[in-house]
Each structure stands twice: as C-alpha cells, then as structure tokens.
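# Observations on chain architecture
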Amino acid sequence: MFRMLIAACLMLLPVAAHAQAFDHAGWDGLLKRNVVLVRGGVASQVRYDGMARDRAALKAYLAGAAKVSRATFDGWSKPDQLAFLINVYNAATVELILTGYPNIKSIKDLGTLFQGPWAKPFVSLFGETVSLDAIEHGMIRGSGRYNDPRIHFAVNCASIGCPALGRAAFRGATLDTQLDAAAKGFLSDRTRNRVQGDGVAVSSIFKWYRGDFEKGWRGAKSLPAFLALYAGSLGLSPAATAKAKAGQLSVSFLDYNWQLNKAG
C-alpha cells in the first residue's frame, strides 16, 4: 500500500519536458552593444572595434558553450537546440573576424588557396574542434532535426550580402517569431531582394541553398512558392503572388557582396 501511495504521488508531480536551456545573456549583451541596424532595420552592421574591446566576454560565451555536452544538448527542445547552434555559429564568426581585424576587408581574406574560412576547425563544441561548415551544414542543415529554411536568414557570414545579424540572441522560446522576423526583414531589403520586370531578383542565398527552400516547408515545394509565403515583404502584386504559388514566377539571382559588414 505504501509503495502504491508513493507511486500515485509521483504521478501527480509536474514533469519537466526538457532540460533547462543554455543562457545566451552574454551573447545578447554583445549584440546589443555592438550591432547597429541600418536601412530601416532590414540590415545591420557590426562595431568590430567594440567587439574587440569586448573580446573577453565573447570568448567567455564561447567557452561556456563549449562545456555543453552532447547529452545535455540532446535533452533540450528542438527550438532550444537550434537557437544554441545559430548563436554559437554567429558568435564564432565574429571571433574568426577578430583574428584578422582590422586588416581584412572580407571574411574570405581569412581563408587560404586550398581552404575557405568556413572549413577551418576552430570552434570547440561537444568535445571536438569543428568548423563553421560543420555547424551549419552538418549539425543544422544535415542533421535532419530542424528542416527550417529560415535558418539561412539567421546564420550570419559577416558580409554585407548576408541577412542582418540581429541585436538579440536567438532563444528557443521565441525562435519561430525571431526566424520569421529575420525572413521578413531580409526579403524587405530592396538591395538584396526585389521585384524586377515580370519576376523577382533575389539574393544568391536562394540559388546556393535552393533545395532547402523546396522541401515543403509550410507547403512550399518550389522556390517561387516559398517566396509567395513572404509576398508582402517582397512586394509581390496579387497577380505575381498567384504565379509564385503556382511555381511559375521568374526568379533571377543578384551578385553577393562579400565585403565586411562593419559599422563606420
């Protein structure tokens, strides 16, 4: 009887669905101090001088992330996992820039003839030293866990052509709203995405990762159909939106600006 009573009491206790997520306050503070929104908030620039002064805090954030075990990570909700990976990617990208700043004009200057900067293993994560490519293309895109094309508006490559680096860290509890805001902001930027003639001219991101936008997310099985989901942000007319939903809108791709996204 006593054992049955204990068991009944345990059933009434609230059960935590997931382990407590990582604290991104350190990265959030760095972003708020050193990221400047431009063009009405659809793009941003980074005060790398300020990031350099705050480098101890940046390294502390990355060191804290490096202590997270794979088992702990796997115990989080998927939104918490994805927010963690995006934040670590973006923070590590800033750290990579600081290894060459101010003597670089582009993140590409940090690569070699045989290896791009994204392939260089330098990020401590899950007990390994990994590259930015490993985080984005392996852990995020290649894991099969997330399947959200909006990550392409969240991971930042420190270039003018990139979607904006936001002034707030991504967090699992607000991730869907944050990713949608990032998508809308990027597609509202007429320097990188715009109506052109009878079709649209969009960022080369949509060319490089076209397959990610055609996997059926929110029913979109073609790139035009994905763009139709953000017709208002892109400025599509009702007629163009109808063509896009049918997968028939003409899409061309703009050149990508790899210059450093520095402020000032």
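Our structure's up above, just so we're on the same page.
Just so it is clear, the model here is predicted, and its values are computed rather than measured.

### Digging into the packing of aromatic side chains
If you walk through the whole model with that rule in mind, you get 23 aromatic pairs. Between Trp-118 and Trp-258, the aromatic rings sit 5.4 Å apart at their centres with planes inclined by 55°, giving tilted as the arrangement. Remark: Trp-258 occurs in the segment after strand 7 (251-253) and Trp-118 occurs in the loop between helix 6 (78-98) and strand 3 (123-125); sequence separation between them is 140 residues. The exposure class of Trp-258 is partly exposed, given its relative accessible area of 22%. Ring geometry for Phe-206 versus Phe-213: centroids 4.9 Å apart, planes at 50°, classification tilted. Three or more aromatic residues link up through ring pairs in this structure, and these residues are Phe-22, Trp-27, Tyr-61, Phe-73, Trp-76, Phe-84 and Phe-126.

### A look at helix 12 (residues 238-245)
Of the positions making up helix 12, those classed as buried are Ala-240, Thr-241 and Ala-244. Each buried residue of helix 12 sits inside an arc of 100° when the element is viewed along its axis, so together they form one side. Residues of helix 12 that are exposed and point more than 90 degrees away from the buried face comprise Pro-238, Ala-239 and Lys-245. Buried residues belonging to helix 12 abut helix 10 (223-228) and helix 11 (231-234). Gly-247 occupies a position one or two residues after helix 12 and carries a positive phi of about 75°.

### Topic: the nonpolar core
Among the nonpolar cores identified, the biggest contains 81 residues, and Trp-27, Phe-84, Leu-85, Ile-135, Phe-206 and Leu-227 are the most heavily contacted of them. Among the elements that make up this core, the one with the highest residue count is helix 6 (13 residues). In this structure Leu-85 touches Phe-73, Leu-125, Phe-126, Ile-135, Met-139, Ile-140 and Tyr-146, once residues within four positions along its chain are discounted.

### Overview of the packing of helix 6 against helix 7 (residues 132-140)
Across the interface, helix 6 lies against helix 7 with an axial gap of 10 Å and an inter-helix angle of 165°. Classified by the interaxial angle, the pair formed by helix 6 and helix 7 is roughly antiparallel. Judged by the twist between their axes, the crossing of helix 6 over helix 7 is left-handed. Along the contact surface, helix 6 presents Leu-82, Leu-85, Ile-86, Val-88, Tyr-89, Ala-92, Thr-93 and Leu-96, while helix 7 presents Leu-132, Ile-135, Glu-136, Met-139 and Ile-140. A per-class count over the contact of helix 6 with helix 7 returns 11 nonpolar, 1 polar and 1 charged.

### Let's talk about the packing of helix 4 (residues 55-66) against helix 6
The packing of two helices is summarised by the inter-axis angle and the distance between the axes. Two numbers describe how helix 4 lies on helix 6: the axes approach to 10 Å, and their chain directions differ by 140°. In terms of their interaxial angle, helix 4 and helix 6 are classed as oblique. In terms of crossing hand, the pair formed by helix 4 and helix 6 is left-handed. Residues Arg-55, Leu-58, Lys-59, Tyr-61, Leu-62 and Ala-65 of helix 4 pack against Phe-84, Asn-87, Val-88, Ala-91, Ala-92, Val-94, Glu-95 and Leu-98 of helix 6. Taken together, the residues of the contact of helix 4 with helix 6 break down into 10 nonpolar, 1 polar and 3 charged.

### So, the side chain of Ser-203
Locating Ser-203 in the fold gives a position in the loop between strand 6 (199-202) and helix 9 (205-208). We classify Ser-203 as buried; its relative accessible area is 4%. Only 3.1 Å separates the side chain of Ser-203 from the backbone nitrogen of Ile-205, close enough to count as a polar contact. Residues contacting Ser-203, with those up to four places away along its chain left out, are Phe-186, Arg-192, Asn-193, Phe-253 and Tyr-256.

### Quick word on the state of the cysteines
Inspection of every chain in the model, using the stated rule, returns 1 disulfide. A disulfide bridge connects Cys-157 with Cys-162, and the sulfur atoms are separated by 1.9 Å. On the S-S bond that ties Cys-157 to Cys-162, the torsion sits near -90°, and the link is left-handed. Residues Cys-157 and Cys-162 agree in their burial class; the two are buried.

About the criteria used
- Residues numbered from 1 in each chain as written.
- Predicted model: local features only at pLDDT ≥ 70, side-chain atom pairs only at ≥ 80, totals over all residues.
- Heavy atoms only, no water.
- Phe/Tyr/Trp six-rings, centres within 6.5 Å; stacked < 30°, edge-to-face > 60°.
- Helix = DSSP H or I, 4+ residues; strand = E, 2+ residues; numbered from the N terminus.
- Buried < 20%, exposed > 50% of the residue type's maximum accessible area, 1.4 Å probe, protein only.
- Arc of directions from axis to C-beta.
- Contact = heavy atoms within 4.5 Å.
- Core = buried A, V, L, I, M, F, W, Y, C linked by side-chain atoms within 4.5 Å.
- Axes fitted to C-alpha atoms, helices over the stretch in contact; angles between N-to-C directions.
- Parallel < 35°, antiparallel > 145°, perpendicular 65-115°, else oblique.
- Left-handed = near helix turned anticlockwise from the far one by under 90°.
- Nonpolar A, V, L, I, M, F, W, Y, C, P; charged D, E, K, R; others polar.
- Polar contact = N/O pair within 3.5 Å; in protein donor to acceptor, adjacent residues only side chain to side chain.
- Disulfide = S-S within 2.5 Å.

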